[in-house]
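If you want the building blocks of each chain, they are given just below.
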Amino acid sequence: MTTAAGKVRLAPTVLDAATSARVISVAILFVVVLAAVDLTTNEAFYIYQPAVLGNERVSSAEIVTASQIDGLHVLWLQPEQVEASLRTNLPELRAVFVWCSLPAECTIQVEERRPAFEWKQGQTRTWIDAEGMVFPARGQSPDLPMIEVAPNVSALLPGQHADSGLVSAMLALAGALPEVKSYRFTAEHGIEFNDPKANWPVYVGVGPDVAARVAMWKSLATSLASRNIKPKFVDVHYANAPFYGK
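Residues numbered from 1 in each chain as written. Predicted model: local features only at pLDDT ≥ 70, side-chain atom pairs only at ≥ 80, totals over all residues. Heavy atoms only, no water.

## As for the state of the cysteines
By definition, a disulfide links the sulfur atoms of two cysteine residues through a covalent bond. Evaluated as defined, the whole model comprises one disulfide. Disulfide pairing places C100 opposite C106 at an S-S distance of 1.9 Å. Measuring the twist about the S-S bond at about 110 degrees, one finds the C100-C106 disulfide to be right-handed. Note on C100: relative accessible area 27%, which makes it partly exposed. (Disulfide = S-S within 2.5 Å. Buried < 20%, exposed > 50% of the residue type's maximum accessible area, 1.4 Å probe, protein only.)

## Structural notes on the nonpolar core
Counting 33 residues, the largest nonpolar core has W119, I147, L166, L173, Y183 and W217 as its most contacted members. Secondary-structure elements contributing two or more residues to this core are strand 4 (115-121), strand 7 (146-149), helix 4 (164-176), strand 8 (182-186), strand 9 (190-194), strand 10 (201-205) and helix 5 (210-226). Counting residues per element, this core draws most heavily on helix 5, at six residues. Excluding residues within four positions of it along the chain, L166 makes contact with F117, W119, I147, L156, F185, I191 and V206. (Core = buried A, V, L, I, M, F, W, Y, C linked by side-chain atoms within 4.5 Å. Helix = DSSP H or I, 4+ residues; strand = E, 2+ residues; numbered from the N terminus. Contact = heavy atoms within 4.5 Å.)

## Observations concerning a nonpolar patch on the surface
A surface patch of nonpolar side chains, about 300 Å² in accessible area, is lined by L53, F97 and W99. Tracing the backbone through its elements, the reader meets F97 in strand 2 (residues 93-101). (Patch = residues over 30% accessible without salt bridge, like charges linked within 9 Å, V, L, I, M, F, W, Y side chains within 5 Å. Areas by Shrake-Rupley, 256 points an atom, 1.4 Å probe, with all protein chains shown as cover. Salt bridge = Lys/Arg side-chain N within 4 Å of Asp/Glu carboxyl O.)

## Brief notes about unusual backbone geometry
Along the chain, L102 connects to P103 via a cis peptide bond; the corresponding omega equals 5 degrees. With respect to the helices and strands, the residue P103 is situated in the loop between strand 2 and strand 3 (105-112). The phi torsion at N199 lies on the positive side, around 70 degrees, for a residue other than glycine.

## What about the pairing of strand 2?
Within a regular strand, side chains alternate between the sheet's two faces. The pairing of strand 2 with strand 3 spans eight bridges and is classified as antiparallel. Across the sheet, residue V96 finds its bridge partner in strand 3, namely V110. (Pairing = 2+ DSSP bridges.)

## A look at the packing of helix 4 against helix 5
Contact geometry for helix 4 and helix 5: axes closest at 9 Å, N-to-C directions at 45 degrees. In terms of orientation, helix 4 and helix 5 fall into the oblique class. Crossing hand, helix 4 versus helix 5: right-handed. Taking contact as the criterion, the partners of A169, A172, L173 and A176 in helix 4 are, on helix 5, V210, V214 and K218. Here the contact of helix 4 with helix 5 is composed, by residue class, of six nonpolar, no polar and one charged. (Axes fitted to C-alpha atoms, helices over the stretch in contact; angles between N-to-C directions. Parallel < 35°, antiparallel > 145°, perpendicular 65-115°, else oblique. Left-handed = near helix turned anticlockwise from the far one by under 90°. Nonpolar A, V, L, I, M, F, W, Y, C, P; charged D, E, K, R; others polar.)

## Section: the sheet that holds strand 1 (residues 51-53)
Ordered in space as 1-3-2, the three strands form an open sheet in which the pairing is mixed. Here the strands that pair on one side only, and so sit at the sheet edges, are strand 1 and strand 2. With direction set aside, neighbouring strand axes in the sheet form an average angle of 20 degrees.

Next comes the structure, spelled out in structure tokens:
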């Protein structure tokens, strides 16, 4: 309203509405601050003892420790980073999924890699899967093909990828010769094994067409046995040009 002196004065109703709005805003801010303080300090929102699913060889305690989420506030959790970190720190994990429900019930689900063969160099044992990933050997697996590696061959360490030619050759050999469990690997001959019947070494090498090389070895072994020839070795590195040493 306007007074006699020409000065403007807010109507009481307008002033009360503005004051009420400020009071409500302050109250809401106060509630939000209290909620934020409770959210960041309340123990219910901190992750403790997350559940682990899908693991067989790797212990749940080891997975939780490597995840580094035990004791972490649920708001600071970044699942994608935790998943990537676990796959890096524990290469025996092929896949990892992390999720949480409020307030802080978290689960780590993993898929472990399945070893295709063992790589043994001295006293060091590692496993290699069909994708070529190298990871620590855990326990014993007598049905797993094992390669005894020469000392002068470069070591394969957990987290590395084995040569694709080596992996494809071993997968083919495991399929074609399930009865052979012991192999050797040298820089000179690649993969080799002893003839199960005659006990002389068979040099196979690495790379594709291993099945054809195995077929050639079997044919040559039959021919040698029929002629009563006991070679020092048989080399089928090249399936079209096999030869043996006298």
